[in-house]
Amino acid sequence: MSPRPDLGPRPRLGYATSRLERAAERRGDAPAIAALEADAAARAYAIGGEMVALKKHASGLDPLFTMAEARALGRTAEVVFLGLCDGAARFAVGLDPATVEALKAREEFSLIDLRSIAVRGLVEGDHLPPLAEAKALLNWHARHRFCPNCGAPTQLVEGGWRRDCPSCHAQHFPRTDPVVIMLAVAGERCVLGRSHRFQPGMWSCLAGYVEPGEAIEDAVRRETREEAGIACGRIAYFASQPWPFPTSLMIGCHAEALSDEIVVDQAELDDARWFDREEVALMLARQHPDGFTAPAPVAIAYHIIRAWVEGDVAFD
Ligand SMILES: [Zn+2]
């Protein structure tokens with residue numbers, strides 16, 4: 001194996017490791033939720049679709065609003081209870097599209113999509129996990145106003161963690177969509193791919209949704225075979241990351257590649273190829289002679305790739 005490259009301290013994975021205590025036992029107690037919301041220490045994130053409202057301060061951008069400030073932003077959709085931070089409640093307030101447009105014109109606010117906020121490090125890292133929670137949950141509400149069982153309008157209950165149908169009495173819970181994201185490796189080489197939507201020169205892990213009735217390991221093998229034509233054997237779980245675009249959970253793995261010839265699925269990928277470890281280290285360090293890059297450290301792909309480059313992958 002080539003010498004371990006020095007890539008500096010490992011950066012924090014975005015959206016993961018929340019400081020919020022979700023306090024799920026409080027959700028069903030509507031008066032308690034109302035009291036938390038009325039407390040002067042309560043704070044809210046305000047999100048409309050992809051856009052997060054941020055207050056402009058001399059020192060930077062602040063994503064936290066008092067409840068009164070959040071309600072004064074304009075017409076709002078759902079208010080959901082995210083949890084407690086040092087004993088104070090955090091909520092998410094959904095902004096309707098007209099409110100988002102109106103706020104863009106106001107000097108004291110910035111409306112920025114969450115992906116850009118995370119990649120550019122525009123807010124303190126501890127805000128990213130609750131922002132992910134807020135965005136994913138508000139997105140679910142926006143798309144589940146009607147009962148999928150009978151078509152009647154549904155009602156928000158449990159502090160925003162369930163919607164009930166008053167007609168057929170079905171209960172609906174927020175969904176999370178599992179996605180496998182993996183690096184197929186063989187000795188000193190790994191397979192990286194380029195999606196059609198990537199910026200020029202960027203290469204990353206392959207990824208795809210886990211299908212119904214499918215184990216994570218089987219999804220890793222199927223997606224790697226479908227997208228790059230590579231057969232995989234043993235799978236090693238690495239880590240996971242909430243990915244609120246809109247409601248995914250990225251499940252990071254390393255996969256033992258058993259075949260060599262790459263066959264790219266052009267519908268899914270722009271390209272896929274083998275890279276050797278030294279070349280990938282240069283991509284992570286943003287020193288590749290051809291300008292090739294790996295994803296930003298906020299994304300789990302960076303960490304999956306880096307763990308392999310640093311020799312920290314073992315298959316049982
Ligand atoms: Zn119903």
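Scoring rules and cut-offs
- Residues numbered from 1 in each chain as written.
- Predicted model: local features only at pLDDT ≥ 70, side-chain atom pairs only at ≥ 80, totals over all residues.
- Heavy atoms only, no water.
- Helix = DSSP H or I, 4+ residues; strand = E, 2+ residues; numbered from the N terminus.
- Rg over C-alpha atoms; globule rule 2.2 N^0.38 Å.
- Contact = heavy atoms within 4.5 Å.
- Buried < 20%, exposed > 50% of the residue type's maximum accessible area, 1.4 Å probe, protein only.
- Pairing = 2+ DSSP bridges.
- Polar contact = N/O pair within 3.5 Å; in protein donor to acceptor, adjacent residues only side chain to side chain.
- Expected span 1.5 Å × (residues − 1).
- Donors = N, O, S within 2.8 Å, 3.2 Å for Na, K, Ca; no water.
- Tetrahedral: all angles 85-135°; square planar, octahedral: opposite > 155°, others 65-115°.

1. Brief notes about the overall build of the chain
Across its full length, the chain carries 8 helices and 16 strands. The C-alpha radius of gyration of the chain comes to 22 Å, within 12% of the 20 Å expected for a compact globule of 316 residues. For the chain, the spread of C-alpha atoms along the principal axes amounts to about 60 × 50 × 35 Å. Put simply, 65% of the contacts in the chain that link residues at least 6 apart link residues at least 24 apart.

2. Things to note about the pairing of strand β11 (residues 177-186)
Of all the 10 residues making up β11, 8 are buried; the element is thus mostly covered by neighbouring parts of the structure. Strand direction decides the pairing type here: β11 and strand β15 (residues 248-257), joined by 9 bridges, are parallel. Within the sheet, the bridge partner assigned to Val185 lies in β15 and is Glu256. Pairing analysis gives 4 bridges linking β11 to strand β13 (residues 206-209), with the strands arranged antiparallel.

3. Remarks on the side chain of Gln241
With respect to the secondary-structure elements, Gln241 resides in strand β14 (residues 232-243). A polar atom in the side chain of Gln241 sits 2.7 Å from the backbone oxygen of Gly14. Leaving out residues up to four positions away in the same chain, Gln241 has contacts with Leu13, Gly14, Tyr15, Ser248, Leu249, Met250, Val298, Ala299 and Ile300.

4. Examining helix α6 (residues 216-228)
End to end, α6 covers 18 Å across 13 residues, agreeing with the expected 18 Å (1.5 Å per residue, within 8%). Within α6, burial applies to Ala219, Val220, Arg222, Glu223, Thr224, Glu227 and Ala228. Contacts from the buried residues of α6 go to β11, β12 (189-195), β13, β14, β15 and β16 (269-276). At the exit of α6 stands Gly229, carrying a positive phi of roughly 75°.

5. Let's talk about the coordination of the zinc ion
Coordination of the zinc ion by the protein is provided by Cys147 (SG), Cys150 (SG), Cys165 (SG) and Cys168 (SG), with metal-donor distances spanning 2.2 to 2.4 Å. Considering all 4 donor atoms around the zinc ion, the spread of angles at the metal, 100 to 115°, places the coordination shape in the tetrahedral class. Counting the intervening residues between successive donors of the zinc ion yields the motif C-x2-C-x14-C-x2-C. Given a relative accessible area of 2%, Cys165 falls into the buried group. Overall, Cys168 belongs to the partly exposed group, its relative accessible area being 29%.

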